[in-house]
Amino acid sequence: MTERILILFGVLVLVAVVSTQRFKQEKGSKRTVILSRTVKEQTRSREKRDSRTRASSFSSCILKLSASDWKKLDQNTHETAFHGDDGSSFTLTWVGDGTGVILVLSTISPPVGVVVGGGSSRLYRSQDYGKTFHDVSHVINNTLIRKEFGISTGPGNSEKVILTGDVPALESNGGIIFTSTDAGVSFKPVQLPFHPRQAISFHFQNPNYLVTISDDGGLWLSLDFGHKWNKLQEGVHSFMWGSGTTLFFSYSPNGTGEGVPLYPERTGGTTATPFQHGEDAQKIFKMDADRRGELFLKRTEDLGRTFTTITQNIFSFGYIGGFLFTSVTEKQGEPRVIYVSSNQGDIFNKAQLPSATIEQFYSVLDGDEDMIFMHVDDPGVDTYCGTVYTSDDRGILYSKSLERHLFGGEGKSDFTNITSLRGVYLTNVLEKDDRIRTVISFDRGGVEITQQAGECRCNLHIHGEYSRFNGLAPLLPLSDPSAVGLVIAHGSVGDSVTSARPDVYVSDDGGYTWARTLMGPHHYAILDSGGLVVAVETHADRLIHTVKFSTDEGQCWKLYNFTDHPIFFAGLASEPGTKTMNLTIWGYRPEEEYRATWVAVTIDFQPLLHRECEEQDYIEWLAHSTASQDSDTDGCVLGYRETFRRLKKQSVCRNGRDYVVRRQQKPCLCTREDYLCDYGYYRHENTSECVEQTDFRDRILEVCLNGEEEELQTSGYRKVPSDRCEGGFTPLRRERTVSHSCGSTSPVSASEINGPQATVLVMVLSVSVVVVALAVAGLFMVRRGLRTERMPAYRFSALQVQEDDRCPSVGRQTVPFNNGGSDQNDSDEDLIE
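Rules behind the numbers
- Numbering of residues starts from 1 in every chain and runs along the sequence as written.
- Restriction of local features to residues with pLDDT of at least 70 applies here, the model being predicted, together with a cutoff of 80 or more for giving and counting side-chain atom pairs; totals for whole chains, interfaces and linings are based on all residues.
- Each side-chain value is derived from all of the structure's non-hydrogen atoms; neither hydrogens nor water enter the calculation.
- UniProt positions are given in the numbering used here, feature names are shortened, and annotations may be inferred rather than shown by experiment.
- Each helix is a run of DSSP H or I of at least 4 residues and each strand a run of E of at least 2, with the numbering of both proceeding from the N terminus.
- Here the term buried applies to any residue with accessible area under 20% of the maximum for its type, exposed to any over 50%, and partly exposed to those in between, with areas from a 1.4 Å probe on protein chains only.
- In this analysis, two residues are considered to be in contact whenever any of their non-hydrogen atoms come within 4.5 Å of each other.
- A 1.4 Å probe and the Shrake-Rupley method give the accessible areas. Residues count as covered only by the protein chains that appear here.
- By definition, two strands form a pair when at least two bridges between them are found by DSSP.
- With axes taken as lines fitted to C-alpha atoms, and helix axes fitted only over the stretch in contact, angles between N-to-C directions fall between 0 and 180 degrees.
- Our working definition of a disulfide is a cysteine sulfur pair at a distance within 2.5 Å.
- Stacked, tilted and edge-to-face are the three classes applied to pairs of Phe, Tyr and Trp rings, where Trp contributes its six-membered ring and a pair requires centres within 6.5 Å; stacked means planes under 30 degrees apart, edge-to-face means over 60, and tilted covers the rest.
- Between Lys or Arg on one side and Asp or Glu on the other, a salt bridge is scored when a side-chain nitrogen of the former is within 4 Å of a carboxyl oxygen of the latter.

- An unreviewed UniProt entry lists the protein chain under the name VPS10 domain-containing protein, with Anguilla anguilla as the source organism.
- In its Subcellular location (unreviewed entry) section, UniProt records this for the protein chain: "Membrane".

Structure, rendered in structure tokens:
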């Protein structure tokens, strides 16, 4: 295993982080961007399997920019130089939606070895989408602001902002925050009765409701935008907002809710927050209650007036898509299991998933009210891969969807939801020969589409979070619901992901076909709901002065020199979403005596696309349409067709901020592809038919749900969650509640809440929602007829993606996705108790 860890991307690389962009997600919108001009050393993960450079005759389609268009851009390009500011990184945050307000914190990084908190040297504000910036440090009395979580903004159109001061805990009884209700025009200082351990969290609907955890593990709540604070609980480990005003939090009854982490959490690449102040050996040994599974889970539904203890003896919990997950050990010394509640914790049911040992973890990759994608790590230490399961609409019964799913040791997953087209997910798998390959699904984890590129089975492999962490690609795949079908990503063609410099590929049909459009790594952005695409070439050691833009979804590009004084590129920044026409290019210029000046150049493209789009500029487009399908099933995914109105590629016009995606939906006739194999059945190899498991014949299938036994009568099929097909293939499936009681409706019954803790747990549930794609070879689940105390045990069919033939790199031609998969025979060795 030690040798395998060193395979693929692991040589020690010194990378200039002039292209780093990290995003904090707030309900799907990327409001905060961190730009850095420091140099860091990448950690070693896997050796680069192939560091060869590729010789290619490919060249992008470049069109000449007319003199009149050049003049328009010159008149609407605005440059700001932050003279005298030697901050090592800038944190940009958009305030509200469509306000044009940007707050910028200039941050100082202390020298290596100096243990002091970083702070904000200056605070800047723009109210015209970055065309001009003003130093407003005086409104916070030039106070240093925390580097790691210094700024928080309210949800949606809220103009409320919180800055957290950098106050040493040993020098003060409490921290200080600055609150603003006018998008940063003015701030009011507020003295806190505690020191925050993490960012102050807004309620997702009411920006007056704030919650955070203090350095000593206290959970604090404010109902008046931070002016008054109440401590709800001590020894708190984590919290999450539920539906409405429900607040969940886990805590240790002995006040040991924080501590030095023993095992890394899989939470989007981060680890548990270590105890930061005044730790000693005795306290460290008493802490990490979450690692031992000694946490209680509470909720309050009335903002702290009353509390309900939901359960105890958990490792961790998560809330997503209306489902509450807890990770527990039912008996001392046994692996952990997952319990799920769909009613805010009133009733729990055991999820039919493999258990996790001390070396393993769970991770929720994506989910909504219809389906949950769950990653379960493979057994062993540092396996770097696991299995993706998809749930039914209750979040309880799971089917195996993808094996050997890549999940890096640093907590990076390539699972990506392509938001520009319904049902599309892509991700990367780690093959047995340690190659990383991309797979894609077009029906929320169902059957994978298989196509060929010409005479050669050439595969396009997409670089995701794992590649970005290892310095191979500067950005993740980009899509947006307002830009229908458009996907931009870094990729390479061959038999696997390589360490060679990737190129930029664009898909206009949601991932079915791809065209290479730019050579080498770039930063890119989608503007005007897909009517405009911009890109800047990424170089760690070269000054740049050119931006590329396209009005035909990347087919051809025009070049514009945005400055007469080149800069080292740091990143692109645009308002969250794709409605804006403004783009800001950030970088710095080297000065004398090793100093550098930060520079922001904002380009307003609106005068270039001066004409508003009219009806004749749009076409009707059937999503998911392929030449291989007949007219009855063409475009049918999850039971219905969608026809969109989308902009013609040759139309050079502006969608505008009021643009709304128009679509028509029509249900399809049901086929076997709209169904999964039910419990006790499996998908027969190379067919869509579900066949009864031999050892289930003449058996009565029973499942324990909500404390009662349910008898299942089925012909072998159950509908895919969220599938809306009508008529056609309609197999029998009926559940009948019988009079037997079974199991428990909670991981620990209510009578045990105040009793002694008898369970020792050794691992933590990691719930991460990452920015996201799933490649799948099928969703099939089989139930085996072994029962213990009337509780069912499940066996899942094994599916793997086969290795495709090698082929040379393709040039400018379109590349259909061709990562074909096939089913393997079921194996009794896959028994999950």
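### Concerning the overall build of the protein chain
Next up, step 1: Secondary structure assignment for the protein chain yields five helices and 61 strands.
Next up, step 2: Each of the 833 residues in the protein chain was classed as buried or not, and the buried ones make up 59%.
Next up, step 3: By sequence separation, contacts in the protein chain at least 24 residues apart represent 60% of the contacts at least 6 residues apart.
Next up, step 4: As presented, the protein chain carries roughly 33,800 Å² of accessible surface, and 48% of it is formed by carbon and sulfur atoms.

### A word on the sheet that holds strand S6 (residues 77-82)
Each strand in a sheet pairs with another by means of backbone hydrogen bonds, the pair being arranged parallel or else antiparallel.
Next up, step 1: Ordered by their spatial adjacency, four strands build an open sheet running S6-S43-S42-S41, and the pairing between neighbours is antiparallel. The open sheet has two edge strands with one neighbour each: S6 and strand S41 (568-573). For this sheet, the mean inter-axis angle between neighbouring strands, taken without regard to orientation, is 20 degrees.
Next up, step 2: Running at roughly 40 degrees to S6, helix H2 (residues 67-75) makes contact with S6 and strand S43 (596-604) of the sheet.

### Details of unusual backbone geometry
Next up, step 1: Residues other than glycine seldom take positive phi values, yet Tyr129 does so here, at roughly 60 degrees.
Next up, step 2: We note that Leu303 has phi near 60 degrees; this positive angle belongs to a residue other than glycine.
Next up, step 3: Among the secondary structure elements, Leu303 is positioned in the loop between strand S21 (295-300) and strand S22 (308-320).
Next up, step 4: Using a relative accessible area of 14% as the deciding quantity, one classes Leu303 as buried.

### Some remarks on the sheet that holds strand S18 (residues 230-233)
Next up, step 1: Within the open sheet, the four strands sit side by side as S15-S16-S17-S18. Their pairing is antiparallel. Single-partner strands in this sheet number two, and they are strand S15 (201-202) and S18.
Next up, step 2: By the bridge criterion, four bridges tie strand S16 (residues 210-213) to strand S17 (residues 219-222) in an arrangement that is antiparallel. Each residue of the ladder has a partner; that of Val211, found in S17, is Leu221.

### A closer look at the state of the cysteines
Covalent bonding between the sulfur atoms of two cysteines is what defines a disulfide.
Next up, step 1: By the definition in use, this model includes four disulfides.
Next up, step 2: A disulfide bridge connects Cys61 with Cys556, and the sulfur atoms are separated by 1.9 Å. One disulfide, between Cys61 and Cys556, carries an S-S torsion of 80 degrees and so falls in the right-handed class. Taken together, the positions of Cys61 in the loop between strand S4 (39-41) and strand S5 (62-63) and Cys556 in the loop between strand S39 (546-550) and strand S40 (557-561) put the pair 495 residues apart, joining distant regions of the chain.
Next up, step 3: We classify Cys61 as buried; its relative accessible area is 17%.
Next up, step 4: Through a disulfide, Cys670 is tied to Cys725; the S-S separation comes to 2.0 Å. Handedness of the Cys670-Cys725 disulfide follows from its S-S torsion of about 95 degrees: it is right-handed. One end of the pair, Cys670, is in strand S47 (residues 669-670); the other, Cys725, is in the loop between strand S53 (717-719) and strand S54 (726-728), with 55 residues separating them in the sequence.
Next up, step 5: On the basis of relative accessible area, Cys670 is assigned to the buried category, the value being 5%.

### Here's the deal with the packing of aromatic side chains
Next up, step 1: Evaluated as defined, the whole model comprises 30 aromatic pairs.
Next up, step 2: Centre to centre, the rings of Phe90 and Trp598 are 4.6 Å apart; their planes meet at 20 degrees, and the pair counts as stacked. In this pair, Phe90 is assigned in strand S7 (residues 89-95) and Trp598 in strand S43, connecting sequence segments 508 residues apart.
Next up, step 3: The exposure class assigned to Phe90 is buried, which follows from its relative accessible area of 0%.
Next up, step 4: The class of Trp598 is buried, set by a relative accessible area of 0%.
Next up, step 5: Between the aromatic rings of Tyr251 and Phe296, the centroid separation amounts to 5.6 Å while the plane-to-plane angle is 40 degrees, which identifies the pairing as tilted. Of this pair, Tyr251 sits in strand S20 (residues 247-251) while Phe296 sits in strand S21, and the two are 45 residues apart along the sequence.

### Quick notes on the pattern of salt bridges
Next up, step 1: All chains considered together, the criterion is met by 27 salt bridges.
Next up, step 2: Note that Glu465 and Arg468 form a salt bridge whose closest N and O atoms lie 3.2 Å from each other. One end of the pair is Glu465 and the other is Arg468, both in helix H5 (residues 465-469) and three residues apart, which spans about a single turn.
Next up, step 3: In this structure Glu465 comes out as buried when scored by relative accessible area, which is 11%.
Next up, step 4: Classification of Arg468 as partly exposed rests on a relative accessible area of 23%.
Next up, step 5: The partner of Asp503 in a salt bridge is Arg516, and the shortest N-O contact between them spans 2.7 Å. Remark: Arg516 occurs in strand S36 (residues 513-518) and Asp503 occurs in strand S35 (residues 503-507); sequence separation between them is 13 residues.
Next up, step 6: Classification of Asp503 by relative accessible area gives buried; the value is 1%.
Next up, step 7: Its relative accessible area of 4% is what places Arg516 among the buried residues.

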